[in-house]
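Listed below, chain by chain, are the residues.
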Amino acid sequence: MNQPLAPMARLSAAPLPPLALLRAILRNPMEAIPAATLREPILLQPFLGRGRVFVMAPDLVGQVLNAEAESFHKAEAMQRALKPALGEGLLTAEDEHWRRQRRAAAPIFRHDRLLGFLPAMIAAAGRTRARWAAQPNEQPLDLGHEMMRTTFDIIVETMLSGHNDIDVDRVERSITDYLGATSWAIALAMLRAPLGTPHPGRGRADRARHYLRGELLRLVAARRGAAERDDLISLLLRAADPESGEAMDDRAIADNLLTFVTAGHETTALALCWSLYLLATHPEAEARVLGEIAAVTGGAPLEPGHVPKLHYTRQVFQEALRLYPPAPIVARSARRDVQLGGLAVRAGTPVYIPVYSVHRHRSLWEEPDRFDPDRFAPEAVKARHRYSFLPFGAGPRICIGAAFATLEAVAILATLLPAFRLAPAGNERPELLMRITLRPSPAMRMLASPRAA
Ligand code: HEM
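Because the structure is predicted, anything quoted here is derived from the model rather than measured. (Residues numbered from 1 in each chain as written. Predicted model: local features only at pLDDT ≥ 70, side-chain atom pairs only at ≥ 80, totals over all residues. Heavy atoms only, no water.)

Asks: Talk me through the overall build of the protein; I want residue IDs and the actual numbers.
Replies: Secondary structure assignment for the protein yields 18 helices and twelve strands. Relative to the compact-globule value of 22 Å for 453 residues, the protein shows a C-alpha radius of gyration of 22 Å, a close match. Reported as C-alpha extents along the three principal axes, the dimensions of the protein are approximately 65 × 60 × 40 Å. In the protein, the share of contacts with a sequence separation of at least 24, taken over all contacts with a separation of at least 6, comes to 74%. (Helix = DSSP H or I, 4+ residues; strand = E, 2+ residues; numbered from the N terminus. Rg over C-alpha atoms; globule rule 2.2 N^0.38 Å. Contact = heavy atoms within 4.5 Å.)

As structure tokens, this is what we get:
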């Protein structure tokens, strides 16, 4: 393949002194990841008298996220960035409180239930296709926004039984406003500044958080006492503490709904954005995807039974997750003194898994910066270390929605691609901006022209 390399992040070439590091975190936390993480198995960097450890070697990643997961908890800086919005929901809770919520939510992610969501996923993708068909071809699409709308539609339909009175544009804006200020929360946590320290963007983030939480509390209140439905809200309303028998209160349920709504649509939308961008710039792979979809569907509209058979389309999505992991860093902090690859790591030390670097590590991948969906052919996957590909994390805290995200992504790609040819609207290559998740910057603008035309 002679395609140009897909856009890459600008990592820091040399260790940054504390002030420069904080500036990089505020501008774009990707720039605070040392470029040496692309080559080394493990890296210790001093920071304000305390180290920061980056772990890339797959066996050490397995130690942190799985085998010795009990020795680590979620990193304080990330918790400070997320907890004001997500409270003690599934993503941010720890220990028994986390276990109880994971057990409560698990049934909705069982394989048979997920397959049952496919008609709703295909229908939402169909609405996006109809929206694109109704607008002039020469008008560029904001692809991120289009994918957010589609995945939001799906999460609300499947998890909240389609509460369609939610204002999707305002929710999207609020999530962006909230995430926009998280770099400050992270930098202040690293400086050990007291909670509540004022910072730019805080007022806007607070308004966004109040709006989002208010909307979900309204939903929960409306559902208490109403007839049960087969969705996440009902599961959470029914979930009782095994010891005390106590039910979750509205606040705890709202924490989780907001967690699922945000974690469950923004990540998938970003990965879809990159998948479509990569296909638009790699015509050979795009032709293979179109060929596969035509062979599986016979040219008829996509049906739920087709989706699990679209193997190459799934590989494209996985390769997009490798190059552009929506969660580019999984952050932990050591709970006790631990040994990691010959390094003595003291309790309280931040331990980062830079997923972006693991996915492009020079000793784990051949031509790591090149787009090549064949890396995810079954034999190639079997030959690799299981912790060399971590878009959904690993171990007990692995993403509960991984299979959900993959099914919906394949359904969306297989609905949109046969109908439209996408092309970047300009020549600028998107930069990779981290705001907890990895976003294209500026927004990705693409032209969609109907294929039949
Ligand atoms: C491509 C899409 C997605 C990506 C890349 C992604 C990534 C991740 C990652 C890396 C984690 C682990 C974080 C850590 O260990 O600190 C996580 C956790 C989580 N994800 Fe996802 N996610 C995606 C889609 C979804 C979807 C569709 C849902 C819900 C429907 C979801 C809900 C959650 C929840 C609730 C957690 C916390 C799980 C726990 O701690 O028990 N995610 N996700």
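Structure's up, so let's keep going.
Asks: Any details on helix α8 (residues 168-180)? Residues and values, ideally.
Replies: Relative to the 18 Å expected for 13 residues at 1.5 Å per residue, α8 spans 18 Å between its end C-alpha atoms, a close match to the ideal helical length. Where α8 is concerned, the buried positions are V171, E172, S174, I175, Y178 and L179. The buried residues of α8 all sit within an arc of 165° when viewed along its axis, so they share a single face. Its side-chain oxygen 3.2 Å from the backbone nitrogen of D169, D167 forms the N-cap of α8. (Expected span 1.5 Å × (residues − 1). Buried < 20%, exposed > 50% of the residue type's maximum accessible area, 1.4 Å probe, protein only. Arc of directions from axis to C-beta. Polar contact = N/O pair within 3.5 Å; in protein donor to acceptor, adjacent residues only side chain to side chain.)

Asks: Would you mind going over the nonpolar core in detail, with residue names and values included?
Replies: A general trend in soluble globular proteins is that nonpolar side chains are found buried together. In this structure, V55, W132, M159, L160, L257, I353 and F404 are the most contacted members of the largest nonpolar core, which totals 150 residues. Considering every element that reaches this core, the biggest residue donor is helix α13 (residues 266-280), with eleven residues. (Core = buried A, V, L, I, M, F, W, Y, C linked by side-chain atoms within 4.5 Å.)

Asks: Kindly report on the coordination of the iron atom of the ligand, identifying the contributing residues and their values.
Replies: Perfect tetrahedral coordination of a metal by four donors corresponds to 109.5 degrees between them, and perfect octahedral coordination by six donors corresponds to 90 or 180 degrees. Among all protein atoms, only C399 (SG) binds the iron atom of the ligand, sitting 2.3 Å from it. Positionally, C399 belongs in the loop between α17 (378-382) and α18 (402-416). (Donors = N, O, S within 2.8 Å, 3.2 Å for Na, K, Ca; no water.)

Asks: Could you give an account of the environment of S357, naming the residues involved and the relevant values?
Replies: Positionally, S357 belongs in helix α16 (residues 355-359). Look at S357 and you get buried, because its relative accessible area is 0%. Residues S357 and R288, 69 residues apart in the sequence, show an inter-C-alpha distance of 28 Å. For S357, the contacting residues outside a window of four places in its chain are L11, I33, T37 and L38.

Asks: So what's going on with the sheet that holds strand β8 (residues 350-353)? Which residues, and what values?
Replies: Taken together, the five strands give an open sheet; going across it, the order is β1-β2-β8-β5-β3, and neighbouring strands pair in mixed fashion. Each edge of the sheet is formed by a strand with only one pairing partner; in this case those strands are β1 (42-47) and β3 (72-74). Along the sheet, successive strands turn relative to each other by an average axial angle of 30°, direction set aside. With six bridges joining them, β1 and strand β2 (residues 50-55) adopt antiparallel strand pairing. (Pairing = 2+ DSSP bridges. Axes fitted to C-alpha atoms, helices over the stretch in contact; angles between N-to-C directions.)

Asks: Provide a residue-level description of the side chain of E172, including the pertinent values.
Replies: Mapping E172 onto the fold places it in helix α8. With no salt bridge to any partner, buried E172 finds its closest opposite charge in R149, at an N-O distance of 6.8 Å. Here the side chain of E172 touches H145 through a polar contact of 2.6 Å, side chain to side chain. Residue contacts for E172: discarding those within four places in its chain leaves H145 and M148. (Lys, Arg positive; Asp, Glu negative; His and termini not counted. Salt bridge = Lys/Arg side-chain N within 4 Å of Asp/Glu carboxyl O.)

Asks: Quick rundown of the pattern of salt bridges? Include the residues and the values.
Replies: Enumeration according to the criterion identifies 25 salt bridges in this entry. Across the pair E96 and R103 runs a salt bridge, and its minimum N-O distance is 3.6 Å. Looking at R103, the relative accessible area reads 47%, which means it is partly exposed. Between R370 and E367 there is a salt bridge whose closest N-O contact spans 2.9 Å. For R370, a relative accessible area of 21% gives the class partly exposed. Connected via shared salt-bridge partners are E96, R99 and R103.

Asks: Provide a residue-level description of the packing of aromatic side chains, including the pertinent values.
Replies: Tallied over the full model, the rule gives nine aromatic pairs. Centroid distance F117 to F404: 5.9 Å. Interplanar angle 65°. Geometry classified as edge-to-face. Of this pair, F117 sits in the loop between α5 (111-116) and α6 (118-133) while F404 is found in helix α18, placing the two residues 287 residues apart along the sequence. On the basis of an interplanar angle of 10° and a centroid distance of 3.8 Å, the ring pair of W274 and Y324 is categorised as stacked. Of this pair, W274 sits in helix α13 while Y324 sits in the loop between α15 (311-323) and β5 (330-334), placing them 50 residues apart in sequence. Y324 shares its class with W274; the two are buried. Three or more aromatic residues joined by ring pairs make a cluster, and in this case those are F109, F117, F260 and F404. The ring of Y211 carries the charged tip of R170 above its face, separated from the ring centre by 3.8 Å. In this arrangement the basic side chain of R322 is found over the ring face of W365, its NZ or CZ atom lying 5.0 Å from the centre. (Phe/Tyr/Trp six-rings, centres within 6.5 Å; stacked < 30°, edge-to-face > 60°. Lys NZ or Arg CZ within 6 Å of the ring centre and 35° of its normal.)

Asks: Outline the sheet that holds strand β12 (residues 445-450), listing residues and values.
Replies: The strand order across the open sheet built from three strands is β4-β12-β9, with neighbouring strands paired in antiparallel fashion. Unpaired on one side and paired on the other, β4 (141-142) and β9 (420-424) mark the two borders of the sheet. Both β4 and β12 contribute to a ladder of two bridges, which runs antiparallel. Within β12, the residue paired with D142 across the bridge is R445. Lying on the sheet, α13 is in contact with β9 and β12; it crosses β9 at an angle near 90°.

Asks: Run through the site of the ligand, naming residues and quoting values.
Replies: The full set close to the ligand counts 26 residues, and W98, R102, R332, R397 and C399 are the nearest of them. Residue R102 places a side-chain N or O atom 2.7 Å away from an oxygen atom belonging to the ligand. Contact between the ligand and R397: an oxygen atom at 2.7 Å from a side-chain N or O atom of the residue. Counting residues per element, the ones that place at least two in the shell around the ligand are α4 (95-105), α12 (250-263), α13, β5 and α18. Class assignment for the residues of the shell around the ligand results in 17 nonpolar, five polar and four charged. (Near = heavy atom within 4 Å. Nonpolar A, V, L, I, M, F, W, Y, C, P; charged D, E, K, R; others polar.)

Asks: Please provide a residue-by-residue account of unusual backbone geometry, values included.
Replies: P442 follows S441 through a cis peptide bond whose omega is -5°. Tracing the chain through its elements places P442 in the loop between β11 (437-441) and β12. You will see that I436, though not glycine, has its phi angle at about 65°, which is positive. With respect to the secondary-structure elements, I436 resides in the loop between β10 (431-435) and β11.

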